Amino acid sequence: MHAIELENVCKSFGPVRAVDGLTVHVPQGCVYGFLGPNGAGKTTTLRMIMDIIRPDHGAIRLFGEPASSPVRNRVGYMPEERGLYRKMTVAAVLRYFGSLKGMTAEQLGRQVPAWLERIDLAAHARKKVEELSRGMHQKLQFAATVINDPELVILDEPFSGLDPVNQDMLRELIDTMRREGRTILFSTHVMHEAERLCDFIVLINQGAVVVNGTLDEIRAGHESRTVSLELEEDGGFLRTLPFVASVKPDGRRMDVTLREGADPQDLLKTLVERARVRVFEIKQPSLHEIFVRLVGGAHVEDR
Amino acid sequence: MWKIGKVAQREFLDTVKTKTFLLSLLFIPVLVVAIILLSRKMIESETGPRPPVRVGVTSSSEEMSTRIAGAFAAHNESHPQSPLALRPVPADGNEPSPPETGKEKLRQGSLDVYVVLEGDLEGKDGTLYFYTYKTKASQLDALGTVERVLRDAVIDRRYQACGIDRAVFQEIQNVPIRRIELGPEQGREKEQSRGQQAVRMMVPFAFMYLIFIGIVGMGQHMISSIIEEKNSRIIEMLLSAISPFELMAGKILGLAGVGLAVMVLWGVAAYGAATRQGIAIDIGADLLVYGLLYYILGFVLFSALLAGVGSVCNTIKETQSLMMPIMMVFIIPMIAWPVLARDPNGDLARVLSYVPPATPMIMVLRLASSPDIWWGEIALSFLVLAVGVLVAIWAAAKIFRTGILMYGKRPGPREVLRWLRER
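Residues numbered from 1 in each chain as written. Chains lettered and ligands numbered in written order. Predicted model: local features only at pLDDT ≥ 70, side-chain atom pairs only at ≥ 80, totals over all residues. Heavy atoms only, no water.

Overview of the overall build of chain B
Next, step 1: Looking only at helices and strands, chain B has 15 helices and 6 strands in total.
Next, step 2: For chain B, the residues scored as buried account for 41% of the 423 residues in total.
Next, step 3: Here the analysis covers contacts within chain B between residues at least 6 apart in sequence; of these, 71% occur between residues at least 24 apart.
Next, step 4: Only carbon and sulfur atoms are counted for the fraction: they give 63% of the accessible area of chain B, which is about 23,200 Å². (Helix = DSSP H or I, 4+ residues; strand = E, 2+ residues; numbered from the N terminus. Buried < 20%, exposed > 50% of the residue type's maximum accessible area, 1.4 Å probe, protein only. Contact = heavy atoms within 4.5 Å. Areas by Shrake-Rupley, 256 points an atom, 1.4 Å probe, with all protein chains shown as cover.)

Some remarks on the interface of chain A and chain B
Next, step 1: In this complex, chain A contributes 30 residues to the contact, which on the side of chain B involves 23 residues.
Next, step 2: In total, about 2,500 Å² of surface goes out of reach between chain A and chain B, with carbon and sulfur atoms giving 56% of it.
Next, step 3: On the chain A side of the interface with chain B, the three residues burying the most area are A:Ile52, A:Tyr85 and A:Leu100, jointly 26% of the side's total.
Next, step 4: In this structure, the connection of chain A to chain B is made through 2 salt bridges. (Buried area = accessible area lost by both parts, 1.4 Å probe. Salt bridge = Lys/Arg side-chain N within 4 Å of Asp/Glu carboxyl O.)

Observations concerning the pattern of salt bridges
Next, step 1: Within this structure, the stated rule accounts for 38 salt bridges over all chains.
Next, step 2: A salt bridge links A:Asp175 to A:Arg178, with the nearest nitrogen and oxygen atoms 3.3 Å apart. Taken together, the residues span about one helical turn, with A:Asp175 and A:Arg178 both in helix α5 (residues 164-179) at a distance of 3 residues.
Next, step 3: Take A:Asp175: its relative accessible area is 30%, and that puts it in the partly exposed class.
Next, step 4: Using a relative accessible area of 23% as the deciding quantity, one classes A:Arg178 as partly exposed.
Next, step 5: For B:Asp112, the salt bridge is made with B:Arg54, and the minimal N-O distance between the two is 2.9 Å. You can see B:Asp112 sitting in the loop between α4 (100-108) and β3 (113-118) and its partner B:Arg54 sitting in strand β1 (residues 53-58), a full 58 residues away along the chain.

Regarding the pairing of strand β4 (residues 57-62) of chain A
Looking along a regular strand, one sees side chains alternate from face to face of the sheet.
All names here are of chain A.
Next, step 1: Summarising the sheet, strand β1 (residues 2-13) and β4 pair through 5 bridges and their orientation is antiparallel. Looking across to β4, one finds that Leu6 is bridged to Ile60.
Next, step 2: Across 2 bridges, β4 lies against strand β5 (residues 65-66) in antiparallel orientation. Its bridge partner lying in β5, Leu62 is registered against Glu65. (Pairing = 2+ DSSP bridges.)

What to know about the domain arrangement of chain B
Next, step 1: The domain architecture assigned to chain B consists of domain 1 (53-170) and domain 2 (192-421).
Next, step 2: On a C-alpha basis, the centres of domain 1 of chain B and domain 2 of chain B stand 56 Å from each other. (Domains from an automatic or database assignment.)

Considering the pairing of strand β12 (residues 244-250) of chain A
Residues and elements named next belong to chain A.
Next, step 1: Sheet analysis places β12 next to strand β13 (residues 253-258), joined by 6 bridges and oriented antiparallel. Bridging from a neighbouring strand, Val247 pairs with Val256 of β13.
Next, step 2: Where β12 folds back onto β13 in an antiparallel hairpin, the turn is made up of 2 residues, including Gly251, whose phi is positive at roughly 65°.

Side note on the sheet that holds strand β2 (residues 84-88) of chain B
All names here are of chain B.
Next, step 1: Spatially, 4 strands are ordered β2-β1-β3-β4 in an open sheet, and the strand pairing comes out mixed. Edge positions in the sheet fall to β2 and β4 (127-132), since each has one partner strand and no second. Between one strand and the next, the sheet's axes are offset by a mean angle of 25°, whatever the strand orientation.
Next, step 2: Note that β3 and β4 share 6 bridges and pair antiparallel. Bridge pairing links Glu118 to Thr127 in β4.
Next, step 3: Across the sheet, α4 is in contact with β3 and β4; its angle to β3 comes to roughly 165°. (Axes fitted to C-alpha atoms, helices over the stretch in contact; angles between N-to-C directions.)

Comments concerning unusual backbone geometry
Next, step 1: In the Ramachandran plot, A:Asp120 falls in the positive-phi region, its phi being about 60° despite a non-glycine side chain.
Next, step 2: Take A:Asp120: it is sitting in the loop between α3 (105-118) and α4 (134-146).
Next, step 3: For A:Asp120, a relative accessible area of 58% gives the class exposed.
Next, step 4: At B:Arg233, a position not held by glycine, the phi torsion is positive, near 60°.
Next, step 5: Within the secondary structure, B:Arg233 is located in the loop between α7 (194-231) and α8 (235-239).
Next, step 6: B:Arg233 gets classed as partly exposed once you look at its relative accessible area, which sits at 23%.

Some words on the sheet that holds β5(A)
Residues and elements named next belong to chain A.
Next, step 1: Strand order across the open sheet formed by 4 strands is β2-β1-β4-β5, with antiparallel pairing between neighbours. Looking along the sheet, the strands with just one partner apiece sit at the ends: β2 (16-27) and β5.
Next, step 2: Relative to β2, β1 runs antiparallel, the two sharing 8 bridges. Along β2, the bridge assignment pairs Lys11 with Val19.
Next, step 3: Contacting β1, β2 and β4, helix α1 (residues 42-49) runs over the sheet at an angle of about 120° to β1.

Focus on the packing of aromatic side chains
Next, step 1: This model, assessed by the stated rule, comprises 13 aromatic pairs over all chains.
Next, step 2: Ring plane angle 40° and centroid distance 6.2 Å describe the contact between B:Tyr290 and B:Phe382, whose orientation is recorded as tilted. Placement of the pair is B:Tyr290 in helix α10 (residues 285-312) and B:Phe382 in helix α14 (residues 375-403), with a sequence separation of 92 residues.
Next, step 3: A connected cluster of aromatic rings, assembled from ring pairs, spans A:Tyr85, A:Tyr96 and A:Phe97.
Next, step 4: Taking NZ or CZ as reference, B:Arg10 lies 3.6 Å from the ring centre of A:Tyr85, over its face.
Next, step 5: Across from the ring centre of A:Tyr96, 5.4 Å away, lies the NZ or CZ of B:Arg10, which sits over that ring. (Phe/Tyr/Trp six-rings, centres within 6.5 Å; stacked < 30°, edge-to-face > 60°. Lys NZ or Arg CZ within 6 Å of the ring centre and 35° of its normal.)

Examining the environment of A:Glu289
Next, step 1: Relative to the elements of secondary structure, A:Glu289 occurs in helix α9 (residues 287-295).
Next, step 2: With sequence-adjacent residues up to four places away left out, A:Glu289 is seen in contact with A:Thr226 and A:Gln284.

See the structure below:
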């Protein structure tokens, strides 16, 4: 059974097709990255998974059950647009969101103080939310998301707007939850975060899947054309080679990008004849590069 | 369903706990009490005598002048706080044109009012002329006194001229009247003062006003609560746990509870205050039950409309233009209440009874003013109201679901209609 199943899901807003026949299966117990440029339909898809908006066509199931069922109580969701009741106290906010997720008073009595301890806000439990600093606010938001001890956590652009300390905290939490066997789905347009954390990745663009699989699978399908070189003498001649597209200096090394279809082995043969080679490394393609290649550079941001 | 309860509970507690709510809860009773106390105080505090009102009088009759002087003296003796100063102005030779000297004194400010007795007042003819110049607002009531004193002096003189003893005449005129309302059983008769009759007029209004405050006042909280959740982006967190309908229903229930609490509090306070003052108010239990039902239905209808309005707006300001037409329907009964109270079975009252947003207020007003309203009318009004409530909830739920997630530009009516057609 999959944690999330999307079958041919479509959603339009007026004339705009936000999601166009999306089919994605998220296995249980993995960290799944939902990648794509801004406006690709990520948020719309996540909202449909949470039954905040309904798809025009297609089926969405969580743990085999329809999204609009009580199964939502087993899910934690942190939207991209975040906010909490400013006038409520820290503990009351956690209790409220926990109770909406179906937690009993007894569970709340146990979980709320535990989470406040875990995010270092125990001393502020009686403060109003509006009195918290931005960083504390972010931590509280995250605690409110997972207060119900969810089996599936869905995070929409979780790293955007976080300070570095909280980014580290979030990474640790994601790691912990993965070890505990929970499923985590998060969307991002920041590729290196996905590269670092995800077991599976789906790249969507204009509401449809562009590529889908494990990081290794995706990499395998996209061999790198970049070679990192260090030569003993000047490498000026490299630019004149027919299969070299560009040469970028990188400290003592240089990054040589080959033309499409060229074999790095050809470069190595040529080099051996013309210079002494200290380092020859075929670079693993970064997700960023794969993205740029698949979607076109205009939409992708890194960092 | 229990999630609706959770939302309602939070909404109730959060509204009740805010300072603005507590202030508004106390504000109106405090204001009413303050006005009563202050006006009483004002009357009491006029201990120091006011500066006398200087009254110039021109009278051609010697007898009349004496009588006026006597009347002024009598007034000053019985009302030492607001004395009148008599300044006779001798008539100049060329009658009947009013003496210009008096008018000139008035303009110069040495007189506050100038009175000319013209014609044969003793012989049931002639006129009293009251001249004023740039009257001070503080003297307006004193002018009334001057008029009364002078008129009384003239009447007194006429009695004398006709040879009638005024005391005898007053005895003849004196016919005591007592108004007694019978209770349902023997021995429960209640004497009614004039004030009591005013109370009978006011009770329906008070009831309607309570309904109005309970519905419209709470509506403001509804709008601000939705706008807050929208602006602080809590809404998506909420909707990941509960459905938009549950959220809306919870809000409506929670605020209806607040409204009910306010109404009960004020109602009990008003009843208590009235009873303490010795004004008997009888309210039938059936009126309370009807009032409760009408209030709840009316509140649900109104706040469903507001939930729809609030969900498509981003600021309180934006909601105001959309609120106007809705508010109008509620203000009509407030403006028309004297007509409605006098004629609770008239055409206007009947028609307005079936305009759903106004139904609760109108029906409560009618029921409180006249106990004999055909049950069919009550049943029909409930039916119309219930249909209105269902339509409002249906439309509001659709608009709410889509509107609540929209930021930026407010959607136009055509777009809202499209949402209504969506499944």
